[in-house]
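# An overview of the molecular structure
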Amino acid sequence: MNDKERFADMIRKSKRIVAFTGAGISTESGIPDFRSAGGLFDRLSGRHFTGEETLSIGFLETYPQLFFRNYAEYFNFSQARPNAGHRFFARLEQAGKEVAVVTQNIDNLHQSAGSRAVIELHGNGTRWRTFETAEATETTQISIDAQGIQRDPQGRMVRPDVVLDGEMLDEEAMERAAAAIGAADMLVVIGTSLAVYPAANFVHYFKGPYAILLNRTPVPQSLNFQLTVQTDAGAFLADVWKEFFEK
Ligand code: NAD
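Residues numbered from 1 in each chain as written. Predicted model: local features only at pLDDT ≥ 70, side-chain atom pairs only at ≥ 80, totals over all residues.

Moving on to unusual backbone geometry. Here Tyr 197 and Pro 198 are connected by a cis peptide whose omega angle stands at 10 degrees. Tracing the sequence through the fold places Pro 198 in the loop between strand E9 (186-190) and strand E10 (210-214). We note that Leu 194 has phi near 50 degrees; this positive angle belongs to a residue other than glycine. Looking at the element boundaries, Leu 194 is found in the loop between E9 and E10. (Helix = DSSP H or I, 4+ residues; strand = E, 2+ residues; numbered from the N terminus.)

Before going further, it helps to examine helix H5 (residues 64-74). For H5, the complete set of buried residues consists of Phe 67, Phe 68 and Asn 70. Taken down its axis, H5 places every buried residue within 160 degrees of arc, on the same side. In H5, the exposed positions that point more than 90 degrees away from the buried face belong to Gln 65, Ala 72 and Glu 73. (Buried ≥ 20, exposed ≤ 12 C-beta atoms within 10 Å, placed from the backbone. Arc of directions from axis to C-beta.)

Let's shift gears to the sheet that holds strand E1 (residues 16-21). As summarised here, the arrangement of the six strands in space is E3-E2-E1-E9-E10-E11, forming an open sheet in which the pairing is parallel. Bordering the open sheet on either side are strand E3 (118-120) and strand E11 (227-229), each of which pairs with just one other strand. Neighbour-to-neighbour, the strand axes of this sheet turn through a mean angle of 15 degrees, independent of strand direction. Across the sheet, helix H6 (residues 84-94) lies against E1, strand E2 (98-103) and E9, angled at about 150 degrees from E2, the strand it touches most. Packed onto the sheet, helix H8 (residues 171-183) meets E1, E2, E3 and E9 and runs at close to 130 degrees relative to E3. (Pairing = 2+ DSSP bridges. Axes fitted to C-alpha atoms, helices over the stretch in contact; angles between N-to-C directions. Contact = placed C-beta atoms within 7 Å.)

Contact geometry for helix H1 (residues 3-13) and helix H9 (residues 233-245): axes closest at 10 Å, N-to-C directions at 70 degrees. As judged from the angle between their axes, H1 and H9 are roughly perpendicular. You can see that H1 and H9 cross each other, and the crossing is right-handed. From H1, Lys 4, Phe 7 and Ala 8 reach across to H9, where they touch Asp 239, Val 240, Glu 243 and Phe 244. A class-by-class count of the residues in the contact of H1 with H9 yields four nonpolar, no polar and three charged. (Parallel < 35°, antiparallel > 145°, perpendicular 65-115°, else oblique. Left-handed = near helix turned anticlockwise from the far one by under 90°. Nonpolar A, V, L, I, M, F, W, Y, C, P; charged D, E, K, R; others polar.)

Caution applies to low-pLDDT parts of the model: their predicted coordinates are not meant to be read in detail. Averaged over all residues, the pLDDT of the protein chain equals 93, while 100% of them reach at least 70. Here the complex is predicted with pTM 0.94, and the ipTM for its interfaces comes to 0.92. (pLDDT = per-residue confidence, 0-100.)

Once that is clear, we can look at the sheet that holds strand E5 (residues 136-137). An order of E5-E4-E8 is seen for the three strands of this open sheet, with the pairing classed as antiparallel. Where the open sheet ends on each side, the last strands, each with one partner, are E5 and strand E8 (158-162). Across five bridges, the pairing between strand E4 (residues 123-130) and E8 is antiparallel. By the bridge assignment for E8, Arg 129 is matched with Arg 159.

Before going further, it helps to spend a moment on the environment of Ser 56. Looking at where Ser 56 falls in the secondary structure, it is placed in the loop between helix H3 (51-54) and helix H4 (57-62). Along the sequence, Ser 56 and Lys 15 sit 41 residues apart, while their C-alpha atoms lie 39 Å from each other. Ignoring any residue separated from it by four or fewer positions in sequence, one finds Ser 56 in contact with Leu 164, Asp 165 and Gly 166.

As a further point, take the environment of Ile 144. Mapped onto the elements, Ile 144 comes out in strand E6 (residues 143-144). We classify Ile 144 as exposed; it has 12 C-beta atoms within 10 Å.

In this section: the pairing of E4. The side chains of a regular strand alternate, first on one face of the sheet and then on the other. Of the pairings in the sheet, the one linking E4 to E5 comprises two bridges and is antiparallel in character. The partner of Arg 129 across the bridge, within E5, is Ala 136. Remark: five residues form the turn of the hairpin made by E4 and E5, two consecutive strands paired antiparallel; Ala 134 in that turn has positive phi of roughly 55 degrees.

Encoded structure:
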C-alpha cells in the first residue's frame, strides 16, 4: 500500500479521530508559519528583539504600540480561507466520523471549514478581549487610537484573545484536548514542529492504534508514528479525499 492508501485505510478503521494541528496546516491558506525560512519568526525579529520575544506578554505590556503594529501586519486573518486540509476534517465529521480538532492555531480556519469540535490551545486571534476582565469585544467594534493602541467602544485597551509566550494555557481547553486525544483511535499530527510546550506534550495522551505524522519537513518524533508522510498537508489530504472518500 502507498501512503495515501494506508492513510485512507486507517481512517476507515477508526471511529474517533483527532487532528492535532499547527501553523503548517494553514500555510496553504497563505498564512506563514513560525519556524520555516521566511516564516513569522524571521519577519518579526529585528535589531533589538527576536521574533519569539515580540510575541510575549512582557513585550505587549512594555511596547504595546509595536505589538499592535506587528499584530495588524502579520496576524490579519480576515482574507484567509480554509484549504483542503481544514476541509478534510470537517468533511470526515459530516461523513459520520467522530472528529475533534486540537489546534495550536489562532486563525479560526478549522471553524470556517465547518469543524464543530475545535479545541484551541492558544486561543483565537480573531477575537479581542479586555486585559483585566477578559470581556470579549466584537472585532468590528475595535478601533485604533492615535497611538496605534486597540480600544473597545468604552475606550479600554484590548488585546487579541490568544495565549502569548509567558502566559498559561486555558485549563478547560487543556482538559478537553487531553480527553479527546486519550479517547481517539486515530491521531493525525499535521503541520507542527512540536517545539512549543506545553502544547507539544498533548500527543502523549494518545493510546490508540493509528498515529500519523503529516509534515512538510522532518520533525523530532517523540511519539511512535505508524505512518509518517513528508509533504504538503492540504495537497495530500485533497488527494486522499478525492481518491478514497468522494462519492
Ligand atoms: P511552526 O512554525 O513551529 O511549525 C510548522 C511546521 O509545519 C513546520 O515543521 C513546517 O515544515 C510545517 N509545514 C509548513 N507548511 C506545511 C504544509 N503545507 N504542510 C505540512 N507541513 C507544513 O508552527 P507550530 O508548531 O504550530 O508552532 C506553534 C505556534 O505557532 C503556535 O503557538 C501557534 O499559535 C502559532 N502560529 C499560528 C498560526 C496560525 O494560526 N495560522 C500562524 C503562525 C504561528
